[in-house]
Amino acid sequence: FMSKTLIFVEAQNGKLKRSSLEVLTTGHKSASEVGAICFGPGASAVQAEASQYGVHQVFAFEESSFANYNPELYLRAFSEVIKNFSPKLVLGPA
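This report concerns the structure included in the present document.

## Overview of the overall build of the protein chain
Part 1: Looking only at helices and strands, the protein chain has three helices and six strands in total.
Part 2: For the protein chain, the succession of helices and strands along the chain, N to C, is β-β-β-α-β-α-β-α-β.
Part 3: In terms of overall size, the protein chain behaves like a compact globule, its C-alpha atoms giving a radius of gyration of 12 Å where 94 residues would be expected to give roughly 12 Å.
Part 4: With respect to the principal axes defined by its C-alpha atoms, the protein chain has extents near 35 × 25 × 20 Å.
Part 5: Within the span of the protein chain, comprising 94 residues, buried residues form 39% of the whole.

Here it is as structure tokens:
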């Protein structure tokens, strides 16, 4: 079977934050396929860095509407990714 994990990651200036790197390090050990979800400008820039931590796919939402935290917008995006990616586990930094 394939166990999938989805990890919410945060980036700043196109680089993953340390708290996200810690979750990625843990998350890829427990899953055969890892996806990451990232919001805000430059979100897709984390693809190469995330792949070094075992991430197979980055779901990047960098439209201007994601520049500032908006719970309803984030929830809709999260729901769509979870529905399509079907992870067994969802993780994020504390």
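Moving on from the model shown.
## Here's the deal with the packing of aromatic side chains
Part 1: As enumerated under the stated definition, the model contains ten aromatic pairs in all.
Part 2: Geometrically, the ring pair formed by Phe8 and Phe78 is tilted, given 5.8 Å between the ring centres and 55° between the ring planes. A residue pair is termed long-range when its members are at least 10 positions apart, and Phe8 in strand S1 (residues 4–8) and Phe78 in helix H3 (residues 71–85) qualify at 70 residues.
Part 3: Given a relative accessible area of 18%, Phe78 falls into the buried group.
Part 4: Judged by centre distance (5.9 Å) and plane angle (40°), the ring pair of Phe66 and Tyr74 falls under tilted.
Part 5: The buried category is assigned to Phe66, whose relative accessible area is 6%.
Part 6: Its relative accessible area of 12% is what places Tyr74 among the buried residues.

Parameters at a glance
Residues numbered from 1 in each chain as written. Predicted model: local features only at pLDDT ≥ 70, side-chain atom pairs only at ≥ 80, totals over all residues. Heavy atoms only, no water. Helix = DSSP H or I, 4+ residues; strand = E, 2+ residues; numbered from the N terminus. Rg over C-alpha atoms; globule rule 2.2 N^0.38 Å. Buried < 20%, exposed > 50% of the residue type's maximum accessible area, 1.4 Å probe, protein only. Phe/Tyr/Trp six-rings, centres within 6.5 Å; stacked < 30°, edge-to-face > 60°.

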